[in-house]
Amino acid sequence: MRALIIDDEQHCIEALQSLIQKYCPEIEVVGSCKDGQSGLTGIENTEPDLVFLDIAMPKMNGFEMLSRLEDISFEIIFTTAYDNYAIKAFKVSAIDYLLKPVDRKELVKAIRLVKEKLYLKSQANIASRNKEQLNILLDNISSRNEAFPNIAIPTLEGLEIIKVNDILYVTGEGNYSQIHFRDKPPMLISKTIKYIEDRIEGHHFMRIHNSNLVNLKEIGKYIKGAGGHVIMSDDKLLNVSRSRKDDLLQLLRAIN
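Residues numbered from 1 in each chain as written. Predicted model: local features only at pLDDT ≥ 70, side-chain atom pairs only at ≥ 80, totals over all residues. Heavy atoms only, no water.

Colleague: When you look at unusual backbone geometry in this model, what are you seeing that I'm missing?
Modeller: Phi is mostly negative for residues that are not glycine, and the peptide bonds are mostly trans. Following K100, the chain continues to P101 via a peptide bond in cis, the omega torsion being -5°. In this structure, E47 is a non-glycine residue whose phi angle is positive, near 50°. Of note, E47 is situated in the loop between α2 (36-46) and β3 (50-54). Despite not being glycine, K59 shows a phi value in the positive range, around 70°. Within the secondary structure, K59 is located in the loop between β3 and α3 (62-67). (Helix = DSSP H or I, 4+ residues; strand = E, 2+ residues; numbered from the N terminus.)

Colleague: I tried to follow the nonpolar core on my own but got confused; where do I start?
Modeller: One broad trend across soluble globular proteins is that nonpolar side chains are buried collectively. Formed by 23 residues in total, the largest nonpolar core has its most connected members in I6, L53, L66 and F78. Secondary structure elements with two or more residues in this core: β1 (2-6), α2, β3, α3, β4 (75-80), α4 (84-92) and α6 (130-143). No other element matches the 3 residues that α3 contributes to this core. The contact partners of L53, leaving out residues within four places of it in the chain, are I6, G62, M65, L66, I76, I77, F78 and T79. (Core = buried A, V, L, I, M, F, W, Y, C linked by side-chain atoms within 4.5 Å. Buried < 20%, exposed > 50% of the residue type's maximum accessible area, 1.4 Å probe, protein only. Contact = heavy atoms within 4.5 Å.)

Colleague: What should I look at first to understand the packing of aromatic side chains in this one?
Modeller: Both the distance between ring centres and the angle between the ring planes are used here to describe each pair of aromatic rings. Evaluation of the coordinates by the stated rule reveals 1 aromatic pair. The ring of F181 carries the charged tip of K184 above its face, separated from the ring centre by 4.5 Å. Taking the ring centre of Y195 as reference, the NZ or CZ of R199 above it sits at 3.5 Å. (Phe/Tyr/Trp six-rings, centres within 6.5 Å; stacked < 30°, edge-to-face > 60°. Lys NZ or Arg CZ within 6 Å of the ring centre and 35° of its normal.)

Colleague: Just checking my understanding: could you explain the sheet that holds strand β13 (residues 219-223) for this structure?
Modeller: In a beta sheet, neighbouring strands pair by backbone hydrogen bonds and run either parallel or antiparallel. A sheet is described by the order of its strands in space; here 3 strands give the open sequence β13-β14-β15, paired in antiparallel fashion. Two strands lie at the open edges of the sheet, namely β13 and β15 (237-239), each paired on one side alone. Direction aside, neighbouring strands of the sheet carry axes that sit 25° apart on average. Where β13 meets strand β14 (residues 229-232), 4 bridges bridge the pair, whose relative direction is antiparallel. Bridged to I223 within β14 is H229. (Pairing = 2+ DSSP bridges. Axes fitted to C-alpha atoms, helices over the stretch in contact; angles between N-to-C directions.)

Colleague: Explain the side chain of R207 here, please?
Modeller: In this fold, R207 is placed in strand β11 (residues 205-209). Look at R207 and you get buried, because its relative accessible area is 15%. A polar side-chain atom of R207 sits 2.8 Å from a polar atom in the side chain of E197. Here the side chain of R207 touches H209 through a polar contact of 3.2 Å, landing on its backbone oxygen. In this structure, R207 is in contact with I193, K194, E197, N212, L213 and R244, ignoring residues within four places of it in sequence. (Polar contact = N/O pair within 3.5 Å; in protein donor to acceptor, adjacent residues only side chain to side chain.)

Colleague: Could you clarify how one ought to interpret the pairing of strand β2 (residues 28-33) in this entry?
Modeller: A regular strand carries its side chains on alternate faces of the sheet. Looking at chain direction, β1 and β2 are connected through 5 bridges and run parallel. Paired with R2 across the bridge in β2 is E28.

Colleague: Sorry if this is basic, but what is going on with the pairing of β11 here?
Modeller: Burial runs high along β11: 4 of the 5 residues are buried. Relative to strand β12 (residues 212-215), β11 is paired through 4 bridges, and the arrangement is antiparallel. The residue of β12 that forms the bridge with R207 is L213. Once β11 ends, the chain turns through 2 residues before running back antiparallel as β12.

Okay, here's the thing in structure tokens:
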């Protein structure tokens, strides 16, 4: 895998190169650039599979650099010292990132995810969705709105961009989850229910059971019991765990 590093700090470039050489032998670093303008030239000249991109650079930051590209055919791993708000925006947009100083375990994990994405793209012969991912990320960061309206969900075919408010509930079992929508068939993904829960935080959703994450506005009825049950707007009956019953009832009273 051919990789280009774009970072305005030489010591960060050297540290990342050292980690890649030691722990990621499948990566060939084909070059490095120290600003956005030379980064654009480097991308054109080297045609990398992967770009490690710093965000906070003078004159042209990483986002501005990418916005000048008509198409993003390579995968991106942002290297950033951004705050928790921005980190959530990265998660919601399904874009890989590494916090500075880069940890070797996180680097190896990010590379593994990129390899999986590249493999799926080659097998399915699908177009890259990187530009759409970036647009979602930029919208979320610029809006400063905790309730991000859209999330990007990885699927076997690539990426699915969905409106959070269209989700009725999510059911999960092990490493798989099924997202149920208001007006279209459910979608099965190979992600845990916790993965989705982290990405829709700030909306009217609650984990009412280890296996059930629900849109509180789509609950039609609560049925008493040890934990009880809820009936969703599509008439689906879902279990409520005993430990989450009181919190659920309190939230239902607050939003109704």
